[in-house]
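Here is how the chains run, residue by residue.
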Amino acid sequence: QVQLVESGGGLVQAGGSLRLSCAASGRFASINTMEWYRQAPGKEREFVAGIFTGGSTNYAASVKGRFTISRDNAKNSMALQMNSLKPEDTAVYYCTLMSFGSKFWGQGTQVTVSS
């Protein structure tokens, strides 16, 4: 079983920055993909950014150039640096890990951006 714990959410003014972290524990493949998703009130959950074990990344168009995803394979952790935040970035952010054909989810952390 895989456990994912997010941290770092909070309230920030528009234009500000936040850094989210995700710590993974349990049994999973050393080669895997970790991703961030978010879900705003009344909206569907959407992909934000992803990173492979080797370091390749991809981003949603809405966050490209503002968010940076990174990971520390030795510590089984991932981070999302979010800069130039906008009110529309307000959502619950979820960490995921894809391993052995399954996607595991964290419990989520709230990010609120005030205008």
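Residues numbered from 1 in each chain as written. Predicted model: local features only at pLDDT ≥ 70, side-chain atom pairs only at ≥ 80, totals over all residues. Heavy atoms only, no water.

(A) Structural view of the environment of Leu 11. You can see Leu 11 is positioned in strand β2 (residues 10-13). We classify Leu 11 as exposed; its relative accessible area is 65%. Along the primary structure Leu 11 and Thr 90 are separated by 79 residues, whereas in three dimensions their C-alpha atoms are 9.1 Å apart. Residues within four places of Leu 11 in sequence aside, it is in contact with Thr 112 and Ser 114. (Helix = DSSP H or I, 4+ residues; strand = E, 2+ residues; numbered from the N terminus. Buried < 20%, exposed > 50% of the residue type's maximum accessible area, 1.4 Å probe, protein only. Contact = heavy atoms within 4.5 Å.)

(B) Expanded view of the nonpolar core. Core analysis: the biggest nonpolar cluster contains 29 residues, and Leu 4, Met 34, Trp 36, Leu 80, Met 82 and Tyr 93 have the highest contact counts within it. Those elements that place two or more of their residues in this core are β1 (2-7), β3 (18-26), β4 (33-39), β5 (46-52), β7 (67-72), β8 (77-82), β9 (91-99) and β11 (109-114). Those residues within four positions of Met 34 in sequence are excluded, and the remaining contacts are Leu 4, Cys 22, Ala 24, Ala 49, Gly 50, Ile 51, Ile 69, Arg 71, Met 78, Cys 95, Thr 96 and Leu 97. (Core = buried A, V, L, I, M, F, W, Y, C linked by side-chain atoms within 4.5 Å.)

(C) Seen up close, the sheet that holds β1. Pairing within the open sheet is antiparallel, and its four strands lie in the order β1-β3-β8-β7. Each having just a single partner strand, β1 and β7 make up the two edges of the open sheet. Sheet twist, expressed as the mean angle between neighbouring strand axes with direction ignored, is 15 degrees. (Pairing = 2+ DSSP bridges. Axes fitted to C-alpha atoms, helices over the stretch in contact; angles between N-to-C directions.)

(D) Here's a closer look at the pairing of β7. Residues of β7 alternate between two faces, with Phe 67, Ile 69 and Arg 71 buried on one and Thr 68, Ser 70 and Asp 72 left unburied on the opposite face. Hairpin connection from β7 to β8: four residues lie between these consecutive antiparallel strands, with Asn 76 at a positive phi of about 50 degrees.

(E) Spotlight on the state of the cysteines. If you walk through the whole model with that rule in mind, you get one disulfide. What pairs with Cys 22 in a disulfide is Cys 95, and their sulfur atoms sit 1.9 Å apart. Where Cys 22 bonds to Cys 95 through sulfur, the torsion about that S-S bond is close to -65 degrees, and the disulfide is left-handed. Taken together, the residues Cys 22 in strand β3 and Cys 95 in strand β9 connect sequence positions 73 residues apart. This pair shows no difference in class: Cys 22 is buried, exactly as Cys 95 is. (Disulfide = S-S within 2.5 Å.)

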